[in-house]
Amino acid sequence: VVTRVSRASDPGERLLSDAEIVELSLGEPASFAALFDRHAAEIGQYVRARIGPDLAEDVTAQTFLDAFRQRGRYDTSRADARPWLYGIAVRLIGTHRRAEARYRKLTARALPERDTHDFVERSADRVVAQQFRPVLAAVLDALRPQDRELLLLVAWADLSYDECAQALGITVSAVKSRLNRIRVRTRKALGGANPMNEEETGG
Amino acid sequence: VDEIGMFTALRPRPEPLDVSGARDRLASAIAGTPVQRRAPRGTLFAAAGGLVAARARLAWTLGLSVAVAAALVAGVMVAVQPSSPAVLTAQLLADRASAAALAQPAVSPGQWVYRVLDWKAPVFRKAGSTVHTQAGWETADGLVTYGNAGTLGAGGDLPSYSQLESLPSSPAALDAYLERTQGKTYPALDPQAMSVFVTIRGMLENYVVPPALQAEMYQALALLPGVAVDSHVTAIDGRVGVAFVMPHDSRGSVSEIILNPSTYAFMADAMFGDHGTLNIEEAVVEQVIVGAPGSTQPDLTPPGPAELLAEQAARGVESIPDDSTNALALLPSQAYGATWVLRQLRTATGSQTVWATGDDSQQASYVDGTLAVCARTAACAASTRWLMPAGPGYSIVMPQDAPSKLPSSIPQLLATLNSYSTGCADVAGDCNAVNAIVNMAFGYVTQIGGSWFLLLASIPGVTVAHLTDVTGQADIALRFPFRDGVTEILFKASDYALVGYVRDGVQTVLTKAIAVTGPGSLKQRCESYQVPVPGC
């Protein structure tokens, strides 16, 4: 029954939305595998970036197991399941707080990479930001766990404010105000001004 | 430039993660086979899984097909043998299946069914052509399982077994009812008909459906728009069957309900995707109504009162809902062992409050106004000890992130528990096992295995008694013919929750068990919970 969940080869055909797959999986549990195939790579990559390769596979597996078990409660008005999956992953990451902090410190100390990968934009912004890694790492460390989760969903997972709100179960205005607080803290830590604005030609 | 975006600089170099193992674990969960790292809740093997949140019983732990072993129905098939090479229509198949269903014995909800299932699910992996075999026991209502029972294609919002009796009895009304109540729309040619097909298949797989209703279900299948028959399909185990076929779309995706071609009992099912590629198939290789879990011998004797009580209690521990008041079971397993737990125990002479860590390594209570805290086994604990320490330790029953290390089969579990010396006299009568279970269940185990109750019901000479306990509550007791030690275990009559025991003639009822901030504390500890908990 897992029909047309992966790729629409015929332009007249419509790809099933995540919500439709979840709904379908209520009657045909096996179709939930399609949701895994769609999103596991992305979720897995995020989890790996958060807590390192050792725990990432287990946490990713648990994310989808939990999602499968909770699928009856999925809000099917939300076509895209990514925020929901990120939300589950973030909760699980939260149960490994010590490992997460250890890995974060490890990677923050690492030397800035020479970005030659396609997926990293070699923008001036990024090069400048690299210089402030120690400051940014200190800010990240000092954040409340829930603020850190939000910040990293935006900065590392590229979720929109609306998606963050869904993932964390908070309102969009709460997302905005919390991000604003983080902006202010960051700006203070960087010396009051946003260095980006002054160093357009730097690097 | 946004400050938030600057944090991208801290992201470790994105590297792909190998998720194939994760996919296998999901596939296992979907397929209902035990996941290696965590026993799925809902099977009695999950004696103390330590899940973060106890959840309602899940669809994939359901699983019972209506097919009855050929031995059981062999004598009744004469009337429905195909006598002429008539073209097999959906209606004709339905008539034959209905007649066969009506000839089956009625089976009560608490009766046990032993089933061997073959399944294969290429949909999970491109090369996944392995045939898996699993065998296990379930009650006819599919609510209590033992061993590796399970099924693949089931799920969805099935009517509960207790609702089956009240379902409409005419096929058309049954179709209309299921269409109305299901509400799930399947991306199919006819979503409504598809959802009825899936629901009926789910009920046939999950329950031993009462004969009359089963007959109506086959009739209802024949009335569905789009349903067809295939008079020659090969099931996964190589047997040839006849099938109701429901097309999903015009690209070759179909679902099949496959019946035995001579007994017309439910035999197998299969789901095909585009262009007829196999997604999932399964077959009931063997199914026998038996007397008790563990047995494979046919036995239609209804279960006795002790067995029924044990099944109800087992069902209770396996269907703890999210909003459970059993908050201790909701503590993350890694936090539980070190957490102090307050317990209030009521006897006829008064109430006692005792504290113990989750893993029962330390116990505490007030002795003459002074809080005494002692290691569980220390000599000074004589005054604070409230349960005998004998029994499998916490790390055996509730190992972190792993299933219980206790044996899962009831005879082996009995032998293991009898090997602990609990000080009772009737060793030959299994008193050590009964005492050890009480020590675990009231002392330090938050997720009790349903098989423990089945074990208790199998103790020679056990009887059932109705009584009012020291708190004034109506209870049902399992009563054991022992001279000393634990002679009764009490269950709440309303929901079969485990509430107390009688040891050496003293009835004790556990009236409260909550996590607190430390020994001697009355303050509920809330910070470890990741889900809403009453009182926090």
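Residues numbered from 1 in each chain as written. Chains lettered and ligands numbered in written order. Predicted model: local features only at pLDDT ≥ 70, side-chain atom pairs only at ≥ 80, totals over all residues. Heavy atoms only, no water.

Student: Report on the overall build of chain B, specifying residues and quantitative values.
Tutor: Each helix and strand counted, chain B has 14 helices and 17 strands in total. Going through the 536 residues of chain B one by one, you find that 58% of them count as buried. Looking at chain B alone, contacts between residues at least 24 apart form 59% of all its contacts between residues at least 6 apart. For chain B, the exposed area adds up to about 19800 Å²; of that, 55% sits on carbon and sulfur atoms. (Helix = DSSP H or I, 4+ residues; strand = E, 2+ residues; numbered from the N terminus. Buried < 20%, exposed > 50% of the residue type's maximum accessible area, 1.4 Å probe, protein only. Contact = heavy atoms within 4.5 Å. Areas by Shrake-Rupley, 256 points an atom, 1.4 Å probe, with all protein chains shown as cover.)

Student: Lay out the overall build of chain A with the relevant residues and their values.
Tutor: Counting secondary structure elements, chain A contains 11 helices and zero strands. Its helices and strands in sequence order give chain A the pattern α-α-α-α-α-α-α-α-α-α-α, from N to C terminus. Counting only residues that meet the buried cut, chain A has 53% of its 203 residues in that class. Considering only contacts within chain A whose residues lie at least 6 apart along the sequence, 60% involve residues at least 24 apart. Counting every atom, chain A has about 9500 Å² of accessible surface; 49% of that belongs to carbon and sulfur.

Student: Please provide a residue-by-residue account of the pairing of strand β9 (residues 340–347) of chain B, values included.
Tutor: Residue and element names in this part refer to chain B. β9 sits mainly inside the fold: six of its eight residues count as buried. Inspection of the sheet shows β9 paired to strand β10 (residues 350–357) by eight bridges, in the antiparallel sense. Bridging from a neighbouring strand, R343 pairs with V354 of β10. (Pairing = 2+ DSSP bridges.)

Student: Mind laying out the sheet that holds strand β2 (residues 132–139) of chain B, listing which residues take part and the relevant values?
Tutor: Residue and element names in this part refer to chain B. Strand order across the open sheet formed by eight strands is β3-β2-β1-β8-β7-β6-β5-β4, with antiparallel pairing between neighbours. Looking at strand neighbours, the two that pair on one side only are β3 (145–147) and β4 (228–234), the edges of this open sheet. Within the sheet, the average angular offset between the axes of one strand and its neighbour, ignoring direction, is 25°. Here strand β1 (residues 112–120) runs beside β2; their pairing, made up of eight bridges, is antiparallel. (Axes fitted to C-alpha atoms, helices over the stretch in contact; angles between N-to-C directions.)

Student: Please provide a residue-by-residue account of helix α1 (residues 18–27) of chain A, values included.
Tutor: With eight of 10 residues buried, α1 of chain A is to be regarded as a mostly interior element. Inspection of α1 of chain A places D18, A19, I21, V22, L24, S25, L26 and G27 of chain A among the buried residues, and these make up the whole buried set. On the buried face of α1 of chain A, the contacting elements are α2 (32–51) and α4 (82–94) of chain A together with α7 (191–206) of chain B.

Student: Explain the confidence of the model for chain A to me, using residue names and the numbers behind them.
Tutor: If pLDDT is low for a region, its predicted coordinates should not be looked at in detail. All names here are of chain A. Looking at chain A, the pLDDT average stands at 77 and 75% of residues meet or exceed 70. Mean pLDDT values over the elements of chain A span from 45, in helix α11 (residues 195–198), up to 94, in α4. Counting contacts from residues 1–14, a segment whose pLDDT is below 50, to residues more than four positions away or on other chains yields 33 contacts. (pLDDT = per-residue confidence, 0-100.)

Student: I'd love a proper account of the packing of helix α8 (residues 145–155) of chain A against helix α10 (residues 172–189) of chain A, names of residues and values included.
Tutor: Residue and element names in this part refer to chain A. Relative to each other, α8 and α10 sit at 95°, their axes nearing to 10 Å. When the axis of α8 is compared with that of α10, the two are roughly perpendicular. Between α8, through Q146, D147, L150, L151 and V154, and α10, the contact on the second element is made entirely by V175, R178, L179, R181 and I182. Among the residues making up the contact of α8 with α10, the classes are represented as six nonpolar, one polar and three charged. (Parallel < 35°, antiparallel > 145°, perpendicular 65-115°, else oblique. Nonpolar A, V, L, I, M, F, W, Y, C, P; charged D, E, K, R; others polar.)

Student: Can you break down the state of the cysteines residue by residue, with the values?
Tutor: Residues and elements named next belong to chain B. Here the structure, examined in full by the defined rule, presents one disulfide over all chains. At a sulfur-sulfur separation of 1.9 Å, the disulfide partner of C424 is C431. Where C424 bonds to C431 through sulfur, the torsion about that S-S bond is close to 90°, and the disulfide is right-handed. Here C424 and C431 have matching classes, each one buried. (Disulfide = S-S within 2.5 Å.)

Student: Would you mind going over helix α9 (residues 161–168) of chain A in detail, with residue names and values included?
Tutor: Looking only at α9 of chain A, the buried set comprises E163, C164, A165 and A167 of chain A. Check the buried side of α9 of chain A and you find it contacts α4, α8 and α10 of chain A.

Student: Account for the packing of α7 of chain B against helix α8 (residues 211–223) of chain B, with residues named and values stated.
Tutor: A packed helix pair is summarised by two numbers, namely the angle formed by the two axes and the spacing between the axes. All names here are of chain B. Relative to each other, α7 and α8 sit at 155°, their axes nearing to 10 Å. If you check the angle between α7 and α8, you find them roughly antiparallel. The two elements α7 and α8 cross, and the hand of that crossing is left-handed. In this structure, α7 uses F197, I200, M203 and L204 to contact α8, whose residues at the interface are Q214, M217, Y218, A220 and L221. A class-by-class count of the residues in the contact of α7 with α8 yields eight nonpolar, one polar and no charged. (Left-handed = near helix turned anticlockwise from the far one by under 90°.)

Student: Summarise the sheet that holds strand β12 (residues 370–375) of chain B; cite the residues concerned and give the values.
Tutor: Residues and elements named next belong to chain B. Strand order in the open sheet made by the nine strands is β12-β11-β10-β9-β17-β16-β15-β14-β13, with antiparallel pairing throughout. Both edges of this open sheet fall to β12 and β13 (463–468), since each of them pairs with a single strand only. Across the sheet, the mean angle from the axis of one strand to that of its neighbour is 30°, orientation sign disregarded. Sheet topology note: the β9/strand β17 (residues 506–516) ladder contains seven bridges and is antiparallel. Looking at the pairing, R343 lines up with A513 of β17.

Student: Tell me about the pairing of strand β7 (residues 266–272) of chain B, and name the residues and values.
Tutor: All names here are of chain B. With respect to burial, β7 is a largely interior element, seven of its seven residues being buried. Two elements, strand β6 (residues 254–259) and β7, share six bridges in a ladder whose sense is antiparallel. Its bridge partner lying in β7, E256 is registered against A270. Sheet topology note: the β7/strand β8 (residues 278–290) ladder contains five bridges and is antiparallel. Paired with F272 across the bridge in β8 is L278. Between the end of β7 and the start of β8, which pair antiparallel, lie five residues, with H275 showing a positive phi angle near 55°.

Student: Could you give me a rundown of the packing of aromatic side chains, with the residues and numbers involved?
Tutor: Evaluated as defined, the whole model comprises 12 aromatic pairs over all chains. Their ring planes at 65° and their centres at 4.8 Å tell us that F36 of chain A and F64 of chain A sit as a pair that is edge-to-face. Residue F36 of chain A is found in helix α2, and its partner F64 of chain A is found in helix α3 (residues 53–69); the two are separated by 28 residues along the sequence. Judged on exposure class, the residue F36 of chain A and its partner F64 of chain A are both buried. Judged by centre distance (6.2 Å) and plane angle (35°), the rings of Y336 of chain B and Y394 of chain B are tilted. Of this pair, Y336 of chain B sits in helix α10 (residues 333–336) while Y394 of chain B is found in helix α11 (residues 394–397), placing the two residues 58 residues apart along the sequence. (Phe/Tyr/Trp six-rings, centres within 6.5 Å; stacked < 30°, edge-to-face > 60°.)

Student: Got a sec to walk through the nonpolar core? Specific residues and values, please.
Tutor: F32, Y46, W84 and L153 of chain A together with Y218, F244 and L259 of chain B are the most contacted members of the largest nonpolar core, which has 110 residues in total. Considering every element that reaches this core, the biggest residue donor is α2 of chain A, with 10 residues. Not counting residues within four places of it along the chain, the set of residues in contact with L153 of chain A comprises Y46, Y86, V90, D158, L159, C164, A167 and L168 of chain A. Counting residues in each nonpolar core, the second largest holds 59 residues, with W112, L328, W386 and L414 of chain B among its members. (Core = buried A, V, L, I, M, F, W, Y, C linked by side-chain atoms within 4.5 Å.)

Student: Can you lay out the environment of T349 of chain B for me, pointing to particular residues and giving the numbers?
Tutor: Residues and elements named next belong to chain B. As for its position among the elements, T349 is in the loop between β9 and β10. Looking at T349, the relative accessible area reads 79%, which means it is exposed. For the pair T349 and V470, spaced 121 residues apart in sequence, the C-alpha separation works out to 9.2 Å.

Student: I'd like a description of the pattern of salt bridges, backed by residues and values.
Tutor: Close approach of charged atoms lets side chains of opposite charge pair. Enumeration according to the criterion identifies 22 salt bridges over all chains in this entry. Put simply, E100 of chain A and R104 of chain A hold a salt bridge, and the shortest N to O gap is 3.0 Å. Residue E100 of chain A and its partner R104 of chain A are both found in helix α5 (residues 97–109); the two are separated by four residues, about one turn of the helix. Residue classification places R104 of chain A among the buried positions, given a relative accessible area of 9%. The residue R479 of chain B makes a salt bridge to E488 of chain B at a minimum N-O spacing of 2.9 Å. Where salt bridges share partners, they join R50, E100, R104, D141 and E149 of chain A into one cluster. (Salt bridge = Lys/Arg side-chain N within 4 Å of Asp/Glu carboxyl O.)

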